[in-house]
Structures are given as structure tokens and as C-alpha cells.
Amino acid sequence: MAAEPLPHGLAELIADVDEATGRLLAGLGGLAEADATRPSLCPGWTVGHVLTHLARNADALRRSAEGARRGERVPMYD
């Protein structure tokens, strides 16, 4: 069975997300474990807090996208 074509502009958006993800991961490559405890630019948050927020948000978005692929509405957060 052939995959359905992507809606107009979606392929470009996916490419943009892939590129931004690559830049984020490249920037994280130089972090040491001790960097996680440094203050971030978000008041009251450490670098570790921000990284954890990004990771859990990505998990939630993936869960929602996988549900949508199955035709289900899956909330980002339980």
C-alpha cells in the first residue's frame, strides 16, 4: 500500500524541525555533567531543568503524534 502524500508544506515543516533538532543536539554535545546544575536564562531553572522540560515535552508530542497516526486523540500529558 502506497503512503498518502503529505499535505502542502508539511514536508518543509518536518525538514525545519529536523534541522532545529540537529542544531539543539549539536549544541548539547559540549555540555558536561556539571553544566546541568548551572543557572539557565529561565529564572529559577537550572540547565538541567530546561533539558528535562525539553525531553519530556518531546516525549509528550511523540505520544500525541503516534496517537494521531492511529486515528486516536491522545493527550500530551496524563
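Quick note: structure is the one above.
The structure displayed is predicted, hence computed values, not measured ones. (Residues numbered from 1 in each chain as written. Predicted model: local features only at pLDDT ≥ 70, side-chain atom pairs only at ≥ 80, totals over all residues. Heavy atoms only, no water.)

Draft legend 1. Geometry of the overall build of the protein chain. Check the secondary structure of the protein chain and you find two helices and zero strands. Taking 12 Å as the expected radius of gyration for a compact globule of 78 residues, we find that the protein chain reaches 17 Å, considerably beyond that expectation. The dimensions of the protein chain, computed from C-alpha atoms along their principal axes, are 50 × 30 × 20 Å. For the protein chain, buried positions account for 8% of its 78 residues. (Helix = DSSP H or I, 4+ residues; strand = E, 2+ residues; numbered from the N terminus. Rg over C-alpha atoms; globule rule 2.2 N^0.38 Å. Buried < 20%, exposed > 50% of the residue type's maximum accessible area, 1.4 Å probe, protein only.)

Draft legend 2. Molecular detail of the pattern of salt bridges. Applying the stated rule across the entire model yields six salt bridges. Of the charged contacts, one joins Arg56 and Asp59 as a salt bridge, the two residues approaching to 2.8 Å between their closest N and O atoms. Taken together, the residues span about one helical turn, with Arg56 and Asp59 both in helix H2 (residues 47–69) at a distance of three residues. Residue class for Arg56 comes out partly exposed when judged on its relative accessible area of 48%. (Salt bridge = Lys/Arg side-chain N within 4 Å of Asp/Glu carboxyl O.)

Draft legend 3. Representation of a nonpolar patch on the surface. Taken together, the side chains of Leu6, Leu10, Leu13 and Ile14 present a nonpolar region at the surface, about 340 Å² in accessible area. Its place among the elements puts Leu6 in the segment before helix H1 (10–28). (Patch = residues over 30% accessible without salt bridge, like charges linked within 9 Å, V, L, I, M, F, W, Y side chains within 5 Å. Areas by Shrake-Rupley, 256 points an atom, 1.4 Å probe, with all protein chains shown as cover.)

Draft legend 4. Quick peek at the environment of Ala65. If you trace the backbone, Ala65 turns up in helix H2. When its relative accessible area of 43% is taken as the criterion, Ala65 is described as partly exposed.

Draft legend 5. Molecular detail of the environment of Asp35. Locating Asp35 in the fold gives a position in the loop between H1 and H2. Look at Asp35 and you get buried, because its relative accessible area is 19%. Along the primary structure Asp35 and Glu66 are separated by 31 residues, whereas in three dimensions their C-alpha atoms are 33 Å apart. Once you skip the residues sitting within four places of it in the chain, Asp35 turns out to touch Gly30 and Val47. Polar contacts involving the side chain of Asp35 include one to the main-chain amide nitrogen of Ala32, which spans 2.6 Å. (Contact = heavy atoms within 4.5 Å. Polar contact = N/O pair within 3.5 Å; in protein donor to acceptor, adjacent residues only side chain to side chain.)

Draft legend 6. Representation of H2 within the structure. With 23 residues, H2 ought to run about 33 Å at 1.5 Å a step, and its terminal C-alpha atoms sit 33 Å apart, in line with that. Residues of H2 that are buried include every one of Val47, Gly48, Ala60, Ser64 and Gly67, and no others. Among the residues trailing H2, Gly71 stands out with phi positive, at a value near 85°. (Expected span 1.5 Å × (residues − 1).)

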